[in-house]
Amino acid sequence: MIDRIAALGRSGLELLEALGRSGMVLFHALWAWPNLRTTFPLLVKQIYAVGVLSMVIIVVSGLFIGMVLALQGYNILNRYGSEQALGQMVALTLLRELGPVVTALLFAGRAGSALTAEIGLMKTTEQLASMEMIGVDPLRRIVSPRFWAGAICMPTLALIFSSVGVLGAYAVGVLWLGVDGGSFWSNMQNSVEWGDDVLNGVIKSVVFGVVVTWIAVFQGYDTVPTSEGISRATTRTVVYASLAVLGLDFILTAVMFGEL
Amino acid sequence: MRVRTLELAVGGFMLIGLLAIIFLALRVSGLSMNASEETYRVVAKFENIGGLTVRAKVTMAGVTIGRVSNIYLDQEDFVGVVEMDIYQQFDNLSSDTSAAILTAGVLGEKYIGLIQGAELDNLVDGSEIYNTQSALVLEDLIAKFLVGRVSDEP
Amino acid sequence: MASISGNNPLSGPYSEGKELKQVCMASMTTTQHPSGAANYVEISDLTFMRGDRVIYKDVNIAIPKGKVTAIMGPSGTGKTTLLRLIGGQLKPDQGRIVVDGHNVPDLGRTELFEVRSKMGMLFQSGALFTDLSVYENVAFPLRVHTDLPEDMIRDIVLMKLQAVGLRGASHLMPSELSGGMARRAALARAIALDPELVMYDEPFAGQDPMAMGVVVQLIRLLNDALGHTSIVVSHDVQETASIADYIYVISGGEVIGQGTADEVLNSELPRVRQFMQGLPDGPVPFHFPAPSLEDDFLRGRSL
Ligand SMILES: Nc1ncnc2c1ncn2[C@@H]1O[C@H](COP(=O)(O)OP(=O)(O)O)[C@@H](O)[C@H]1O
Ligand SMILES: [Mg+2]
């Protein structure tokens, strides 16, 4: 019994310590921005790795999710004879929820795990240590551009996801199922608010981008430098990042759209 | 050369992101670029605005000619006051134009429908539309229907 | 900016005239080494723990200036740890690590940055940056520590690569190099800034005999040509003994023997003898500490 309480206390302390270390990593990464001349090319490279390479999966998923939403929505709305509300339903679902959340989950699996593995491998092969010996802070050189790239790419990807989703819904709803195109768009435009829906969705995805990248970068930086350590860190990134996204989504939704 | 393709790809990525946000702004949320389009404001008082919201359409003969810009309660007469911005190009609405709160479809959104009157004077900025018809509230209708049925009984 | 004397063939064109001052300072602040030279690195009463495990206990080591000093010992005794302590990547629990007159554990960020620019380190795995070409790897420390124009950086990089025989491979990526070539490229990076101290972590491990011979020669050659101080950490007895001016043998957290290569090779101290001659059993037991064999077997059966 005492043992168990002690173990609980110890793992609590360990959690707190990990939180502290990850906080320091975040602090360093945010702090380390000043030299634009050397950092900018690194940032461009990371936006490529994190954003451009995630485009395909985001576009394909967005398209299919938009089409499925239109099919399902049409079936339900059709019963009440209000299928012209299809555009509104799909757009709101995508902009407020599915766009930011699904993008973040895909991002964690596609880019987050790659970030962790890359940084973990750099640590294992002593690249981080040798950088430190050359007199360059690896947090500045390695972690910071990756962090910013994540924070920039996530909202961009989420916007692309939502747009493609709306187009997919248009294809299914209007072109295939025969909903009137005019009322599809005008209904959508009447109910979707630029500030409440689009911008809140963007804010959500910025938060998700920061959190997912933070977790990925920290797990890589904190990897136990063995091949087993890397694989465990990669798994942890995907699991923790997904849970964090879902949890935060609830909180953000409650704050933004709830009656608080 | 490798670096150039990389930069091009990143540039393309950012461009697509920009297009997405423009698409979402103009096509999906209907944010109009000419938000500062010339309008004039008219008010109308309704006994019940029943679910009308700001930014709802104002139409005439089914054509959108303006938007609801503000809704509040008149605390003397206890009626709902609706302010609407009518696009400047529709400046020949007669002063006895009537306004009704209508519903698109059975359960659809509320909007305002205007019907042109016969007076020669026109509505101008700050005019009031006196001839109004409140929203149909389903509960009221049902209640009336039931009461009517009861009183019809011999 | 790093500097050594300007009249040696490989030093960069950007530094001169600091050597004399440093020699004077060094001789004022440091004591004489048993071998007679002044010390570049002086470690005194070093204690370092990993959790509850003692890695070093009250260790004293002196690295003479301009010489090749070897630190030898079995794997896992903490040789890499020692290099990291010297480089300031780890902080000792106790003791002083004086490098060129500075006590490393006391240094702040910027001073540490300064001191590190005078150190080059060759890591065990080479540790080339995998996303940069060989050329960019060698140029990396130059870009960080100097504001030299691009054509001058190019000259220095090609000179360093020439010194390790890899000028023709400057455009390759690290993944395209063999193990031995990667080690040499990393060596070129380590000496890019003409450091005063070069540390080699297991430079011979995992190399084929030919590549090993090249690295052995390079360490000695560069040390003599560039006039820097070298620390070679290794458990390869023959190769290390062939180039080291002075050898420390460490085991179990303490220095168990020291001297010139001959002295150490012919040492009568039993623990040094066992390590140098590669005897499987001796004062350092072959078996990891364990309960008696009988006990273990009997326990196994009763389960
Ligand atoms: N990051 C670390 N955390 C905990 N223990 C470590 C770490 N790095 C090394 N050690 C331990 O410290 C000891 C010395 O390691 P090291 O200096 O790498 O030995 P060597 O280079 O002599 O083979 C080893 O037993 C190793 O298990
Ligand atoms: Mg080692």
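Refer to the structure printed above.
For the structure given in this document, a descriptive report is provided here. (Residues numbered from 1 in each chain as written. Chains lettered and ligands numbered in written order. Predicted model: local features only at pLDDT ≥ 70, side-chain atom pairs only at ≥ 80, totals over all residues. Heavy atoms only, no water.)

**Let's talk about the pattern of salt bridges**
Residue and element names in this part refer to chain A. One pass over the structure, following the stated rule, counts 19 salt bridges over all chains. Between R146 and E118 there is a salt bridge, and its shortest N-O distance comes to 2.9 Å. Taken together, the positions of R146 in helix 6 (residues 138-176) and E118 in helix 4 (residues 86-124) put the pair 28 residues apart, joining distant regions of the chain. Classification of R146 as buried rests on a relative accessible area of 3%. (Salt bridge = Lys/Arg side-chain N within 4 Å of Asp/Glu carboxyl O. Helix = DSSP H or I, 4+ residues; strand = E, 2+ residues; numbered from the N terminus. Buried < 20%, exposed > 50% of the residue type's maximum accessible area, 1.4 Å probe, protein only.)

**Description of the interface of chain A and chain B**
Residue-level contacts link 28 residues of chain A with 23 residues of chain B. Here chain A meets chain B over a buried area of about 2400 Å², counting both sides, of which 75% is carbon and sulfur. The three residues of chain A that bury the most area against chain B are Q189, N190 and W194 of chain A, which together make up 25% of that side's buried surface. Broken down by secondary-structure element, the contributors of at least two residues to the side of chain A that touches chain B are helix 2 (36-50), helix 4, helix 6, helix 7 (181-191) and helix 8 (194-221) of chain A. The greatest single-element share of the side of chain A that touches chain B, amounting to ten residues, is contributed by helix 6 of chain A. Tallied by class, the residues present in the side of chain A that touches chain B amount to 19 nonpolar, seven polar and two charged. (Contact = heavy atoms within 4.5 Å. Buried area = accessible area lost by both parts, 1.4 Å probe. Nonpolar A, V, L, I, M, F, W, Y, C, P; charged D, E, K, R; others polar.)

**Notes on the nonpolar core**
L86, F107, V166, M188 and V192 of chain A together with F13 and V28 of chain B are the most contacted members of the largest nonpolar core, which has 74 residues in total. Excluding residues that lie within four positions of it along the chain, L86 of chain A makes contacts with A70, G73, Y74, L77, G173, V179 and F184 of chain A. Ranked by size, the runner-up nonpolar core spans 37 residues in total, among them V68, A139, I156 and I243 of chain C. (Core = buried A, V, L, I, M, F, W, Y, C linked by side-chain atoms within 4.5 Å.)

**A look at a nonpolar patch on the surface**
A contiguous nonpolar patch, built from L136, L138, L141, I142, F145 and L146 of chain B and spanning about 630 Å² of accessible area, is present on the exposed surface. Relative to the elements of secondary structure, L136 of chain B occurs in the loop between strand 8 (131-133) and helix 2 (138-152). (Patch = residues over 30% accessible without salt bridge, like charges linked within 9 Å, V, L, I, M, F, W, Y side chains within 5 Å. Areas by Shrake-Rupley, 256 points an atom, 1.4 Å probe, with all protein chains shown as cover.)

**Some points on helix 6 (residues 179-190) of chain C**
Taking 1.5 Å of rise per residue, the twelve residues of helix 6 of chain C would be expected to cover 16 Å, and the 16 Å separating its terminal C-alpha atoms lies within 8% of that figure. Taken together, the buried positions of helix 6 of chain C are occupied by G180, A182, R183, R184, A185, A186, L187, A188, R189 and A190 of chain C. For helix 6 of chain C, the elements touching its buried residues are helix 5 (127-134) of chain A together with strand 6 (119-122), helix 4 (134-145), helix 5 (150-163), strand 7 (197-201) and helix 7 (209-226) of chain C. (Expected span 1.5 Å × (residues − 1).)

**Concerning the site of ligand 1**
Residue and element names in this part refer to chain C. Lining the immediate surroundings of ligand 1 are R50, R53, I55, S75, G76, T77, G78, K79, T80 and T81. Here an oxygen atom of ligand 1 sits 2.7 Å away from a polar atom, N or O, in the side chain of R53. Coverage of ligand 1 by the protein chains reaches 59% of its 560 Å² of free accessible surface. For the shell around ligand 1, the elements supplying multiple residues, two or more each, are strand 2 (53-64) and helix 2 (79-86). (Near = heavy atom within 4 Å. Polar contact = N/O pair within 3.5 Å; in protein donor to acceptor, adjacent residues only side chain to side chain.)

**Focus on the packing of helix 4 of chain A against helix 7 of chain A**
Residue and element names in this part refer to chain A. The interhelical angle for the contact between helix 4 and helix 7, taken along N-to-C directions, is 50 degrees, at an axis separation of 7 Å. Between helix 4 and helix 7, the interaxial angle falls into the category oblique. Every pair of crossing elements has a handedness; the one defined by helix 4 and helix 7 is right-handed. When helix 4 is examined against helix 7, the residues L86, G87, Q88, A91 and L92 are found in contact with a partner set consisting of F184, N187, M188 and S191. Residue composition of the contact of helix 4 with helix 7, by class: five nonpolar, four polar and no charged. (Axes fitted to C-alpha atoms, helices over the stretch in contact; angles between N-to-C directions. Parallel < 35°, antiparallel > 145°, perpendicular 65-115°, else oblique. Left-handed = near helix turned anticlockwise from the far one by under 90°.)

**Quick word on unusual backbone geometry**
Residues and elements named next belong to chain C. For D100, which is not glycine, the phi dihedral falls at a positive 50 degrees. Within the secondary structure, D100 sits in the loop between strand 4 (94-99) and strand 5 (102-103). The phi dihedral of A127 is positive, around 60 degrees, even though this residue is not glycine. Along the chain, A127 turns up in the loop between strand 6 and helix 4. According to the relative accessible area criterion, A127 is buried, its value standing at 2%.

**Observations regarding helix 7 of chain C**
All names here are of chain C. An ideal rise of 1.5 Å per residue puts 26 Å on 18 residues; helix 7 measures up with 25 Å between its terminal C-alpha atoms. The complete set of buried residues in helix 7 reads A211, M212, V215, V216, L218, I219, L222, N223 and L226. Angularly, the buried residues of helix 7 cover 160 degrees about the axis, an arc narrow enough to put them on a single face. Turned more than 90 degrees away from the buried face of helix 7, the exposed residues are P209, M210, Q217 and L221. On its buried face, helix 7 is in contact with strand 3 (68-72), helix 5, helix 6, strand 7, strand 8 (229-234) and helix 8 (237-243). Two residues or fewer past helix 7, G227 is found with a positive phi of approximately 70 degrees. (Arc of directions from axis to C-beta.)

Keep in mind these numbers describe shape, not what the thing actually does.
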